[in-house]
Amino acid sequence: MPLTTDIQALTYALLNGKVGKSRLLAGALTDTLSPKNLPAIIYEIDSPASVSNAPRTGRGTAANITFTALSSSRVAARDTCDAVLSALMDSVGERPPSQPNSWFTRVTITQEPVSVTSAPVSGGAIHQYSAVARVIARRDPNR
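Residues numbered from 1 in each chain as written. Predicted model: local features only at pLDDT ≥ 70, side-chain atom pairs only at ≥ 80, totals over all residues. Heavy atoms only, no water.

Q: How should helix H1 (residues 7-15) be read in this particular structure?
A: Since the α-helix turns once every 3.6 residues, residues separated by three or four places project in the same direction. Restricting attention to buried positions, one finds in H1 the residues Ile7, Leu10, Thr11, Ala13, Leu14 and Leu15. For H1, the side-chain oxygen to backbone nitrogen distance between the N-cap and Gln8 is 3.3 Å, and the N-cap itself is Asp6. Of the residues trailing H1, Gly17 is marked for its positive phi of about 90°. (Buried < 20%, exposed > 50% of the residue type's maximum accessible area, 1.4 Å probe, protein only. Helix = DSSP H or I, 4+ residues; strand = E, 2+ residues; numbered from the N terminus. Polar contact = N/O pair within 3.5 Å; in protein donor to acceptor, adjacent residues only side chain to side chain.)

Encoded structure:
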């Protein structure tokens, strides 16, 4: 059976603290709909699958990551979305202390940041930009 990499945990480990003052949340709005809790970045993992290429079959996982940046300012939402993509691209090859046996080997941006909506909430507006990246993560073959 192939060993897959926990891309959700790896994404958090690599990006947490690297996106300024933005909160990083795995696939949950929780309390982000209040402008005082913004900016925030929500990420969701889609279609994880074992990578079957050499040299070690099953020691890698490919997946799509959708990032949604929320802010009370359109410019801040766009900048936050750009920042998370830059941090993701810069993380290639890095092994975070909390996930020392896993790392991203490839990141491909498949959707540039696009404005999705602005919704009136609590007397203000929350602006949303989304982007998608295709990642390949590897695991240390000795672990």
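There's plenty left to go through after this.
Q: Would you mind showing me how to read the pairing of strand E2 (residues 40-51) here?
A: Along any regular strand, the residues point their side chains to alternate faces of the sheet. In terms of strand pairing, strand E1 (residues 23-26) meets E2 through four bridges, oriented parallel. Residue Arg23 lies in a different strand from E2, and its bridge partner there is Ala40. In this sheet, strand E3 (residues 60-71) lies alongside E2 in antiparallel orientation, the contact comprising 10 bridges. Note on E3: the bridge partner recorded for Val51 is Gly60. (Pairing = 2+ DSSP bridges.)

Q: What am I meant to see in the environment of Ala28 here?
A: Among the secondary structure elements, Ala28 is positioned in the loop between E1 and E2. Residue Ala28 is classed as partly exposed on the basis of its relative accessible area of 28%. For Ala28 and Tyr43, which are 15 residues apart along the polypeptide, the C-alpha to C-alpha distance reads 8.3 Å.

Q: Sorry if this is basic, but what is going on with the confidence of the model for the protein chain here?
A: Predicted coordinates in areas of low pLDDT are best not read in detail. On average, residues of the protein chain carry a pLDDT of 84, and 82% of them reach 70 or more. Least confident of the elements in the protein chain is strand E4 (residues 102-121), whose mean pLDDT is 83; most confident is helix H2 (residues 74-90), at 94. (pLDDT = per-residue confidence, 0-100.)

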